[in-house]
Each structure stands twice: as C-alpha cells, then as structure tokens.
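# Overview (structure and organization)
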Amino acid sequence: MQTARHGWIEVITGVMFSGKSEELLRRARRALIAGRRIQLFKSILDDRYGGQFRISSHDGRQIDAEPVSNSAQIAEKVDDESEVVAIDEAQFLDDGICEVVDALANSGKRVILVGTDMDFRGQPFGPMGLLLARADEIDKLNAICVKCGDPATRNQRLIDGKPAPADAPTIYVGGSESYEARCRRCHEVPISIAGES
Ligand code: ADP
Ligand code: ZN
C-alpha cells in the first residue's frame, strides 16, 4: 500500500478544435496501460442526460465519463482508491473546483483538467483562469485559423452564421450557434447589437 504518493494538477487548455480531447484520451489510455486507477468526469450544463457520458475528440475516438454539473458532485464521486482524476469541459464548472482539485492533488492524486480557457469574447471562461494559476503543469494548444491558416487561439462564435456580439450570453441556449477556431486578427466580436433594429 502506497502512502505518500505525489499528487499534482495538469491543465490541458486552448481553443476549440486544438486537440484537447485527443490529448486527454491519449493521457487516459497511457494511464490505463500503466495500470493506474482512473476516473473520468465530464462537466455538463445540466444533468438531464443522466447515466454514462462520453468524452470524444473530433477524430471520433471516445471513452466513457461520468457526467457532473458542479464541483461538489466531483468531490462526492471521487473514489479514495483512484490515482488519476480527469475532468473534461472544466470551463463550465463553478470556482469551487479549485478547492476540490487542490485537495485531490494534496491527497496524492494526479488531476488532469481540460477546458477552453477563453469564452467567445476572448475573456477567461468560468474557473479556467483560477485553475491555470493553481496548475503544476499547463499545455496550451492551438488550432488552425479557418480564415487564414495561421495558428488559432480564439473561439469564434457564430449565431445564424454571423459573428456573435460581445453582449450575447457566455453560454448560449437555443438558436443555431456554431464555433470556429480563429487567430487574433480574424477573430470578430462586434461591440453590440443594441440600437440596431
Ligand atoms: P478540442 O477538444 O480541443 O475541441 P479535439 O481533440 O476534439 O479538439 O479535435 C481536434 C481535431 O479537430 C484535430 O486533430 C483536427 O483533426 C480537427 N480539426 C477540425 N478543425 C480544425 C481546425 N480549425 N484546427 C485544427 N484542427 C481541426
Ligand atoms: Zn486568421
């Protein structure tokens, strides 16, 4: 029985399509090869999905994860025996996740957090800024700008095909929204639609 294991927090972050899920799946597979006990969680905006959930990358690979809608649920569900705890879509969690992951790392667990660090405006998304400050190790990945082919670091939100204005809600419910990876130069955030008729 190991008593004084060394815990830490790693964060995989970056824009959408940057390969965060691919990297998480790679680390999860390697932890399984190493015989580590791993638990995977995926934060969801609400728990209507229930049951098992999946972490999938844009290349179609996937692995089952438990759905959670807040940090307290993660604290409750982590098994003492787990050696690796991975949390996907961490940007949707509350700030309480910082205390939870600090406690897990202090108790000797390897914690892997995955989330996009910026919202569609280019501002810190949810608890990601705080998590990056507490991390022992960070990998910030970029994608390819769909407009010019440069490295992309921004999430471009489109609503009905048009750049979403800065005063749109951070988490958009309903309507036809989509996202693109773009570089700083091609990223568009119109100030506001207020006043337009
Ligand atoms: P993330 O979890 O960061 O959203 P994924 O791991 O799900 O990213 O997907 C990354 C994959 O998405 C890439 O390996 C590539 O095949 C594909 N992809 C689609 N659009 C882009 C883009 N604009 N830039 C880079 N990769 C892209
Ligand atoms: Zn560009």
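First things first, this report covers the structure right here in the doc.

What counts as what
Residues numbered from 1 in each chain as written. Chains lettered and ligands numbered in written order. Predicted model: local features only at pLDDT ≥ 70, side-chain atom pairs only at ≥ 80, totals over all residues. Heavy atoms only, no water. Helix = DSSP H or I, 4+ residues; strand = E, 2+ residues; numbered from the N terminus. Contact = heavy atoms within 4.5 Å. Areas by Shrake-Rupley, 256 points an atom, 1.4 Å probe, with all protein chains shown as cover. Buried < 20%, exposed > 50% of the residue type's maximum accessible area, 1.4 Å probe, protein only. Pairing = 2+ DSSP bridges. Polar contact = N/O pair within 3.5 Å; in protein donor to acceptor, adjacent residues only side chain to side chain. Near = heavy atom within 4 Å. Donors = N, O, S within 2.8 Å, 3.2 Å for Na, K, Ca; no water. Tetrahedral: all angles 85-135°; square planar, octahedral: opposite > 155°, others 65-115°.

## Focus: the overall build of the protein chain
Secondary structure assignment for the protein chain yields four helices and 12 strands. Counting contacts in the protein chain only where the partners sit at least 6 residues apart, residues at least 24 apart contribute 72% of the total. Within the structure as shown, the protein chain displays about 10,500 Å² of accessible surface, and the carbon and sulfur contribution to it stands at 48%.

## Here's the deal with the pairing of strand S1 (residues 8-14)
Across the seven residues that make up S1, a large majority, six, are buried. In the sheet, S1 pairs with strand S6 (residues 110-115) via six bridges, with the strands oriented parallel. Residue pairing for S6: Trp8 is matched across the bridge by Arg110. Here S1 runs beside strand S7 (residues 137-141); their pairing, made up of five bridges, is parallel. Paired with Thr13 across the strands is Lys140, a residue of S7.

## So, the side chain of Glu10
On the secondary structure map, Glu10 appears in strand S1. A polar atom in the side chain of Glu10 sits 2.8 Å from the side chain of Arg27. Apart from residues lying up to four places away in sequence, Glu10 is in contact with Arg27, Arg110, Val111, Ile112, Leu113 and Glu137.

## Considering the site of ligand 1
Around ligand 1, a shell composed of 13 residues is seen, among which Phe17, Lys20, Ser21, Glu22 and His58 lie nearest. At 2.9 Å, a backbone N or O of Phe17 approaches an oxygen atom of ligand 1. Between an oxygen atom of ligand 1 and a side-chain N or O atom of Lys20, the distance comes to 2.8 Å. The fraction of the free accessible surface of ligand 1 (580 Å²) that becomes covered by protein chains is 72%.

## Things to note about the coordination of the zinc ion (ligand 2)
Every protein donor of the zinc ion (ligand 2) is accounted for by Cys145 (SG), Cys148 (SG), Cys183 (SG) and Cys186 (SG), and the metal-donor separations fall at 2.3 to 2.4 Å. Each of the four donor atoms bound to the zinc ion (ligand 2) contributes to angles spanning 100 to 116°, and the resulting shape is tetrahedral. Each donor residue of the zinc ion (ligand 2) lies on the same chain, and together they follow the pattern C-x2-C-x34-C-x2-C. A residue is classified by how much of its surface remains accessible, and Cys145, at 3% relative accessible area, is buried.

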